[in-house]
Amino acid sequence: NTIPLESRQIWKKFSLGEFGDKQEFQQEFVRHVETSLARSLYNCDDLAAYQAASQAVRDRLVVAWNRTQQKHTLTDTKRVYYLSLEFLMGRALDNAMLNTRTKQYAREGVKDFGFRLEDLIEQEPDAALGNGGLGRLAACFVDSLASENYPGWGYGLRYEYGIFKQKIIDGYQVEQPDYWLTYGSSWEIPRNEISVDIMFYGYVRHYTDDEGVHRRCWEGGDVVRAVASDFPVPGYGTANVNNLRLWSSKPAQEFDFAKFNAGDYINSVSEQQRAETISAVLYPNDNFDSGKELRLKQQYLWVAASLNDIVRRFKKSKRPWREFPEQIAIQLNDTHPTLAIVELQRIFVDLEQLPWKEAWDLVVETFGYTNHTVLPEALEKWPVPMLENLLPRHLEIIYDINLYFLQEVEAKFPNDRELLSRVSIIEESQPQQARMAYLAIIGSHKVNGVAELHSDLIKKTIFKDFVAVYGGDKFINVTNGITPRRWLHQANPELSDLIASKIGSGFVKDLSELRHLEKFADDEDFQRQWMLVKHKRKEKLAALVKSQSGVVLNPDHLFDIQVKRIHEYKRQQLNILGVIHRYVELKQMSPEERRKMTPRVSLFGGKSAPGYYMAKTIIKLINDVGKVVNNDPDMFDSLKVVFVEDYNVSKAEIIIPASDISEHISTAGTEASGTSNMKFVLNGGLIIGTVDGANVEITREIGEDNIYLFGHLADEVEDIRHKHKYGGVQVGKKLQQVFDFIQSGALGDPEIYTSLLHSIKYGGDYYLVSDDFDAYLEAQHTINHDFKDTKEWARKSIVSVSRMGFFSSDRAIRDYAEGIWNVEPSPVEE
Ligand code: T68
């Protein structure tokens, strides 16, 4: 079914090429309005115009995507598969236009029809198929895989509901469903012909094959169908367009005919509906494991469908199995896809009948595992009875993997029963639990943390025993990165253009080129232009805040921003308690004294997990402080406190370029890396932070004079917690003042905050708020002082940006490619 040779010239004549000019774009735009959307010039609103524009761009992407895939099939190169339950992509249109360099034609093209391209871009709903850092990292990584010309696919789930929309009602978070597919998605290529039947439940049958070998086979379970959807991922400045394949669950058959024939029509249909719930909604927890069966079903459906796809593609190459890891690298984004290890072993042993050991060596050579957290409540465990019921054969395989592993450990460390029980995949609790991180380590050839401090920490704490077993070389660091396309070029075109005016635009592709900017750091004219861009972006954020909450911000004031998921370990409570302290201080001053203080805006944003009571209390506290402060005339020129509702990728693109200072103040040792810290500094904001995660490497790169570090160090935390536990918590004078103020009722009913304050004063202060409070205030004091010297501030900002090249996700992806995947770039000709 290929087109005959003699007809190919005709085909090529009509094959879509890049837009050559504005008219070509307009022709396609009008065609899509009139045919794809069945509208006309009389009823083309912003939404229709967005859809037509995005489909015009999409069509070009699809052609390039096809060429890329063909080339990779033809050359049969090694491929990388990034398995992630979350891809926090945000909007696609602007990114697609920038990466294919068609934005100018589109802007001018739609302008002739009376549209502003910016308005059309805003019509697109965010693809918010992720929670926070982990999901956004996956999105940055697929961008970099494509931009660096790696044959790399993402595999995930096509949730119909992404992360919930956050409303703030009376200061409280209220969740609303995020159905993002109301108008379909222009970027989705439905692949109904690509489907995999997935089994759950059932039993294991033992049999003897023709050669007399004892074998097992899993059968008799319920079947659900996984159906593929593809989303093209364009690289920047390359013709390479990769693929993000997301699976939906569908009924395996339209009707249950047995029930149907028995006259139970309604139930025969509704049963099928249940299949679709598997991929319906994203679990809204960040750094927390809820252990629900539906989540396990999501994981298995996605992993089994992806592996079936990968193995099918490998089989087409007709290579022997031993070449599997030479052709395929699979990266596990956290432990969520760990069942892939078990599934591949099952495919090899049960279905392809490879000997266990041969199969297992291939499996281990294929997988790499990335750890994103040391928090105990986030480490995944599945109850053994749940596994036994849902995936009986997989549980047996896990037992065998564990047995062989423990034998290995026993041989290396004879008679250490304690060690065996510590490293066993199966935790001997009631009920027994399978520790997925241990399984991921045992089934992978490399394990990496996401920043130096974190990678060291996992070797010394949660994975210490495994370092003893395997040696240190299995455990490596790959520091996270961010894509400069979205987080500088697209989010902050003003700054991107200013930088390009001095050093050219090469930094968008090779971020290390930013180093050439440093020589302009003392240029006063450049400093002025630099601060002018910052001012413009603060105006833009002020406009957003005004339209959403009515609060008016002054862009001359210091903008202090903390946006990220709300979590006790991230310590938004430290920030807001500090704000209250400042408010109390300012209230005690005369108007003249107040005028000498650096005027500030404290801006917060972020979602709490719906069931996380303490995080929700922190949100309420921030909003209540805002209400009091913003309505206090004494504060008019001194302090504003804002909570931005529904923080998401698109809002991040407005908020991040507008910071003077941003806060990355987790308890030392708890934030694996953080990535917004990188985004803020790349956009010329300075940061206040603890010695945690990637803050450490940011400090090393930009210099310690350009960052405001404070607080206890990771290696002190354990001792301090011990002291809290046995000696109680010492709440210092300043923090006590704040507690008194809250308890006075000045913010409203103090009962609301009792549990929050008690967790600090009487609950052991697990996150060291009391211990770091004074140091935090002092660091903020230094910031207030330094901000007054605008030239010096601008210099620090420019120097910092010029030294941020390391934090590109392009570098991170090259590190993975060289250190874990052993893959080479494979560019397609333009
Ligand atoms: C984040 N983890 C880390 N987890 O907290 C952050 N958890 O330090 C790091 O920079 C980032 O990963 C990227 O490495 C998360 O975002 C989750 O969202 C999550 C989701 C489900 C279950 C557990």
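Every value quoted in this text rests on a predicted model; they were computed, and no experiment measured them. (Residues numbered from 1 in each chain as written. Predicted model: local features only at pLDDT ≥ 70, side-chain atom pairs only at ≥ 80, totals over all residues. Heavy atoms only, no water.)

> How would you summarise the overall build of the protein chain if you had to cite specific residues and measurements?
On a plain count of helices and strands, the protein chain comes out with 34 helices and 24 strands. Looking at the protein chain as a whole, 60% of its 830 residues qualify as buried. Relative to all contacts within the protein chain whose residues are 6 or more apart in sequence, the contacts with residues 24 or more apart total 77%. Just so you have it, the protein chain exposes about 33,800 Å², and 50% of that area is on carbon and sulfur atoms. The centroid of the 98 positive side-chain charges in the protein chain is displaced by 2 Å from the centroid of its 119 negative side-chain charges. (Helix = DSSP H or I, 4+ residues; strand = E, 2+ residues; numbered from the N terminus. Buried < 20%, exposed > 50% of the residue type's maximum accessible area, 1.4 Å probe, protein only. Contact = heavy atoms within 4.5 Å. Areas by Shrake-Rupley, 256 points an atom, 1.4 Å probe, with all protein chains shown as cover. Lys, Arg positive; Asp, Glu negative; His and termini not counted. Charge placed at Lys NZ, Arg CZ, Asp CG, Glu CD.)

> Give a detailed account of the packing of helix H21 (residues 493–503) against helix H22 (residues 524–549), specifying residues and quantitative values.
Relative orientation of the contacting elements H21 and H22 amounts to 165°, with a least axis distance of 9 Å. As the angle between them shows, H21 and H22 are arranged roughly antiparallel. H21 and H22 meet at a crossing whose hand is right-handed. For the pair H21 and H22, contact is made by Pro493, Glu494, Leu495, Leu498, Ile499 and Lys502 and by Phe526, Gln529, Trp530, Val533 and Arg537, respectively. When its residues are assigned to classes, the contact of H21 with H22 shows seven nonpolar, one polar and three charged. (Axes fitted to C-alpha atoms, helices over the stretch in contact; angles between N-to-C directions. Parallel < 35°, antiparallel > 145°, perpendicular 65-115°, else oblique. Left-handed = near helix turned anticlockwise from the far one by under 90°. Nonpolar A, V, L, I, M, F, W, Y, C, P; charged D, E, K, R; others polar.)

> Outline helix H29 (residues 714–727), supporting the account with residue identities and numerical values.
Between its first and last C-alpha, H29 extends 20 Å over 14 residues, near the 20 Å set by a 1.5 Å rise per residue. Along H29, the residues that are buried comprise Val717, Ile720 and His724. Projected down its long axis, H29 carries its buried residues within an arc of 75°, all on one side. Of the exposed residues in H29, the ones pointing more than 90 degrees away from its buried face are Asp715, Glu718, Asp719, Lys723, Lys725, Tyr726 and Gly727. Along its buried surface, H29 packs onto helix H32 (769–787). Count one or two residues on from H29 and you reach Gly728, which has phi positive near 80°. (Expected span 1.5 Å × (residues − 1). Arc of directions from axis to C-beta.)

> Which residues make up the packing of aromatic side chains, and what are the values?
Given two aromatic rings, their pairing is described by the distance between the two centres and the angle made by the two planes. Tallied over the entire structure, the rule returns 33 aromatic pairs. Where Tyr816 meets Trp821, the ring centres are 5.2 Å apart and the plane angle is 20°; that geometry is what we call stacked. By relative accessible area, Tyr816 is classed as buried at 0%. For Trp821, a relative accessible area of 1% gives the class buried. Here the aromatic residues Phe19, Phe25, Phe29, Phe113 and Phe115 are joined through ring pairs into a cluster of three or more. Here the basic side chain of Arg101 rests over the ring of Tyr236, its NZ or CZ set 4.8 Å away from the ring centre. (Phe/Tyr/Trp six-rings, centres within 6.5 Å; stacked < 30°, edge-to-face > 60°. Lys NZ or Arg CZ within 6 Å of the ring centre and 35° of its normal.)

> How would you sum up the pairing of strand S21 (residues 639–644)? Please name residues and give values.
The buried fraction of S21 is high, at six of six residues. Burial along S21 is two-sided: the residues Leu639, Val641 and Phe643 and Lys640, Val642 and Val644 are all buried. Inspection of the sheet shows strand S20 (residues 600–605) paired to S21 by six bridges, in the parallel sense. Bridging across to S21, Val601 finds its partner in Lys640. (Pairing = 2+ DSSP bridges.)

> Account for the side chain of Asn333, with residues named and values stated.
Following the sequence through the fold, Asn333 ends up in strand S12 (residues 328–333). For Asn333, the side chain forms a polar contact with the side chain of Tyr82, separated by 3.0 Å. Of the polar contacts made by the side chain of Asn333, one reaches the side chain of His372; its length is 2.6 Å. Setting aside its immediate chain neighbours within four residues, Asn333 contacts Tyr82, Leu83, Ser84, Leu134, Ala138, Thr370 and His372. (Polar contact = N/O pair within 3.5 Å; in protein donor to acceptor, adjacent residues only side chain to side chain.)

> Lay out a negative patch on the surface in plain terms, naming residues and giving numbers.
The grouping of Asp715, Glu716, Glu718 and Asp719 at the surface amounts to a negative patch. Along the chain, Asp719 turns up in helix H29. The exposure class of Asp719 is exposed, given its relative accessible area of 53%. (Patch = residues over 30% accessible without salt bridge, like charges linked within 9 Å, V, L, I, M, F, W, Y side chains within 5 Å. Salt bridge = Lys/Arg side-chain N within 4 Å of Asp/Glu carboxyl O.)

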